[in-house]
Structure formats: structure tokens, C-alpha cells
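Per-entry structural report
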Amino acid sequence: MKILVYGINYYPELTGIGKYTTEMCEWLVQQGHQIEVISALPYYPEWRVHAGYRHKGWHSETINGVKVHRGPFYVPKNVNGYTRLVHEFSFLASSAISWIKKLPRNFDLVLCIYPPLPIGIFPLLAKWLRGTPYVFHIQDLQVDAARQLGIIRREGLLRFLENFERYFMRRADLVTTISEGMKAKVLAKGVAKEKLRLFPNWVDTATLYPYEKEEKDSLKEKYGYNSWDKVVLYSGNIGRKQGLDTLLNTAAMAEERGLDLHFFIVGEGAAKRELLAQKEELRLSHVRFAPLVPKEELPDLLNMADLHVILQKKGATDLVMPSKLSGILACGGVPLVAAEEGSGLRRLIEKEKLGVCADAENEPGLLYALRQYFEQEPAHSYAYHARSYAQQHMSIESLLPRFEAYLYELSGQIVVGEPANSYNTRLGSRF
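For clarity, every value in this text was computed on a predicted model and none was experimentally measured.

Right, let's get into the overall build of the protein. When its secondary structure is counted, the protein shows 16 helices and 14 strands. For the protein, whose C-alpha radius of gyration is 21 Å, the value lies close to the compact-globule estimate of 22 Å for 431 residues. Once the C-alpha set of the protein is aligned to its principal axes, its extents read approximately 65 × 50 × 45 Å. The buried share of the protein, taken over its 431 residues, is 58%. By sequence separation, contacts in the protein at least 24 residues apart represent 73% of the contacts at least 6 residues apart. Put simply, the protein shows about 18200 Å² of open surface, and 50% of that area lies on carbon and sulfur atoms.

In C-alpha cells:
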């Protein structure tokens, strides 16, 4: 198949949506498909264009067999609901240059990655003008999150954005999303059930796997801890949706009570500066920040920690599914999930016995869960369930061939032979 992928995030972005889009595109190339990508200059999660791209305009590059077309756009220093809208529509304007060149060409289908908000405009235009079907893949229910978290408060604007979002979802030939909770919310937006599919994010279980205990203890020294220290890790995007201020307030409560817990926050994002200021204000001695680690170091980082924190803010139930969960589980890590009762994420953790849970934005509850885990809970049973679940339900070998079958079905092409079920370790060496 000849597939055009349209999304704002792509390699060399190493976290979030860009990571998954890149892995998907390179996997499809390995199966013999021709893949082109229209994307932006890399900027995430720092919200600053990466150093090697800052003086580049519209250009194309080939990365592991994928031809990527990029253009300049607006990246705000202060990220809020309104600057983000300008940011996303500037990408729409910038990418129009690439779309003008691509519209006369024949593609079997277009795959657009949502968000950003206006991502469906050009794929729908290609459908009208060329009859090219398009897939609307939802990684984040952005408008719902903006409403629930108070990022945008003007009701008229929110209703307009919701109608705008639904318009492109409903007209897509296939809609996919990453969790059952998000799937239910998409159905509620009027998307036909027969064209909605589940396509979860995946993990390379060959690259991310559990280490032996002795090796884990030695890794703590690598990161500046003693082998006996109890390390609670948050690794990933440091944004406002993550609610990391709750974690810092919990760390302050732990220090007041003399608990020997060490909190390690690794990542970049729009809220990092505020959190660093909060750390100084609270005078936290057991909280450390560090930048994102290279991908080849990620297995060490995830194996080093005793407990992994995943936080959701109230109102964000089933609007996002944290991508970091798959890597944690693949390494046999134990997640501490703070989420609203009844959310898809919390139901998963509790049903499969993958970790421990607390209520969203409840600092005493979060501290209680931390104490209970370190004082009573058998970590090895959680670790076993976590690794087993990742292998059975989150491996790249099981999920991407299924998605490829969806694409064949949509394009009307016949699959020759069995879908590929092996993962080229060349990808694992970088991601």
C-alpha cells in the first residue's frame, strides 16, 4: 500500500505521540509498504524546536525508509489553551505547502494522527477531491480535556471546537483509538460503531524487560541513590495534565513524617519550570529532577525504580491513556496509579493486579498508598502480572499486524500471505 501519514509529531521526538507514529511508520515500511509523512519540525516535549532543525524551513528527509516532509510553525513559550490553538493552526498553514504537492498523487489511504485539532481538514479534502479514504487515529481527546481541566473556559469556543472535532471524526472511513474508555467516549460523539476500532499503544518487550534484583540495586548507584533507597519514579512529559504538583505536595508530607522515600522526576514539558519553583518553595530534599534519558538508557531507568507513579487529574477520566504504562509493565515495574474510581486506567490496574491505586488529586490517599506498598505489598507478584500482561496484550508483534489488517480492509486490497509477526531489532535499538 501507498500510505500518507499526517501528524504534528515525529522522530527525533522520543516520547509521546511522535514515538508511536515513528515506530508504526517504520514497521509498515518493513512490511513492504510505501510510507510518506507530513509533519512539523520536532519540538516535543521541550516545546522548543530541536537544535538541528531551528534554521530549517520546508524540507524533506528520509528516515529509515520513511520520507518525511516538514515545515516551520509557531511553538509558544507559554503553553495554554489559546496559544496551543494558534500553534496547531500554524501547523495546518505550514503543512499546506506539502499537501499541495501531495494532492495530485495517488495514495491508497491517508492516516491522520489526532491531536492536533485541525488534523482532519486536508485528509477530508483528499477524500473529496481524490476519493482517498482516511483513518482518524485518536491518541488524546483534546477538546474534552480542555473542557474538563479548565484549559479553555469560554463555552461558545468549546462548543465550536467540539463540533469541529466531531465533523472530521464522523466523516473518516475508519476511526481508531487507544483504550476502551476513549472508545466509549468517541461512540458518544456520534461515530458509527461499525467503523470504530481499538488500536492500543504498544511496547517492544524484547528491548524492555525485567532485570535481576542485583542489577537493579547497582543501577540505583548510577542514578545517585543508595542500593537500599526506596525510589519512586515519574518519567515522561511534564505537563499540566499530569498533575505533578500533587506528587510534590505528597513528597512534602512524606518528608514531614520522616518517611525515607526518594522521588525522581525525569522528563521535560510545559509545567517543569513551575514544578521546580514549587520544589524550592516546599524545600524538598528528597525530590530530584532530571532531563529525559536517551532511549538506550530507558530500560536501566525503568528497572532502577521501586515504584512508578502515573497521575491523572480529576476530570481527565478516559480522555487520555498514559503511554508510559506499557514500558513500565514490560520491565516488570509496579505502577502506582492515581486516577478517578471507575476510569479505564484504574479498572485495568485493579482487575489485572498490575499495581496499586489511589484517588486522583488526593495527596493523603497517595501517601497512604505509598506507605502501604512499601510496608506490606509483595512487589514480586505485581511484577509478574505486569510483565505477563505486557507480553500478552501490549507487544508490538500482536498489535501492529492487526492494525495493518485494518488498513488492508479499508484500502480494499487483498493480503498476500500472513501478516508479519516479528519485530526488527533495528527499531528496538533506537526506540
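Structure's up, so let's keep going.
Pairing in this open sheet of six strands is parallel, and the strands run E11-E10-E9-E12-E13-E14 from one edge to the other. Two strands bound the open sheet, and with one partner strand each, they are strand E11 (287–290) and strand E14 (356–358). Strand-to-strand twist of the sheet, defined as the mean angle between neighbouring strand axes without regard to direction, takes the value 25°. Alignment of strand E9 (residues 230–235) against strand E12 (residues 307–311), held across two bridges, turns out to be parallel. Bridge assignment links Val 232 to a residue of E12, and that residue is Leu 307. Together, E9, strand E10 (261–266), E11 and E12 form the strand contacts of helix H8 (residues 244–256), whose direction differs from that of E10 by roughly 160°.

In the contact formed by helix H3 (residues 121–130) and helix H5 (residues 155–171), the axes pass within 10 Å of each other and the chain directions differ by 40°. Taken as axis vectors, H3 and H5 run oblique relative to one another. As H3 runs across H5, the sense of the crossing is left-handed. Every residue of H5 that contacts H3 at Ile 121, Leu 124, Lys 127 and Trp 128 is listed here: Phe 164, Tyr 167, Phe 168 and Arg 171. Residue classes in the contact of H3 with H5 are distributed as six nonpolar, no polar and two charged.

With an omega dihedral of 15°, the bond running from Tyr 11 to Pro 12 counts as a cis peptide bond. Structurally, the position occupied by Pro 12 is in the loop between strand E1 (2–6) and helix H1 (17–30). One non-glycine residue, Lys 353, adopts positive backbone phi at about 55°. By the secondary structure assignment, Lys 353 is in the loop between helix H12 (344–352) and E14.

Mean pLDDT over the protein: 89, with 93% of residues reaching 70 or higher. Contacts of residues 416–431 to residues separated by more than four positions or lying in other chains number 38 contacts, the stretch itself having pLDDT below 50.

Time to look at the packing of aromatic side chains. Throughout the structure, instances matching the rule amount to 21 aromatic pairs. Here Tyr 167 and Phe 168 contribute two aromatic rings whose centre-to-centre distance is 5.3 Å and whose plane-to-plane angle is 85°, an arrangement assigned as edge-to-face. Since its relative accessible area comes to 33%, Tyr 167 is described here as partly exposed. Seen from the ring of Tyr 20, Lys 19 lies directly overhead, with NZ or CZ sitting 4.3 Å from the centre. The cationic tip of Arg 197 hangs over the ring face of Tyr 406; the distance from NZ or CZ to the ring centre is 5.8 Å.

What follows covers the environment of Lys 241. Counting through the fold element by element, Lys 241 comes out in the loop between E9 and H8. Under the relative-accessibility criterion, Lys 241 is labelled partly exposed at 26%. Sequence separation between Lys 241 and Lys 189 is 52 residues, and the spatial gap between their C-alpha atoms is 22 Å.

Thresholds applied
Residues numbered from 1 in each chain as written. Predicted model: local features only at pLDDT ≥ 70, side-chain atom pairs only at ≥ 80, totals over all residues. Heavy atoms only, no water. Helix = DSSP H or I, 4+ residues; strand = E, 2+ residues; numbered from the N terminus. Rg over C-alpha atoms; globule rule 2.2 N^0.38 Å. Buried < 20%, exposed > 50% of the residue type's maximum accessible area, 1.4 Å probe, protein only. Contact = heavy atoms within 4.5 Å. Areas by Shrake-Rupley, 256 points an atom, 1.4 Å probe, with all protein chains shown as cover. Pairing = 2+ DSSP bridges. Axes fitted to C-alpha atoms, helices over the stretch in contact; angles between N-to-C directions. Parallel < 35°, antiparallel > 145°, perpendicular 65-115°, else oblique. Left-handed = near helix turned anticlockwise from the far one by under 90°. Nonpolar A, V, L, I, M, F, W, Y, C, P; charged D, E, K, R; others polar. pLDDT = per-residue confidence, 0-100. Phe/Tyr/Trp six-rings, centres within 6.5 Å; stacked < 30°, edge-to-face > 60°. Lys NZ or Arg CZ within 6 Å of the ring centre and 35° of its normal.

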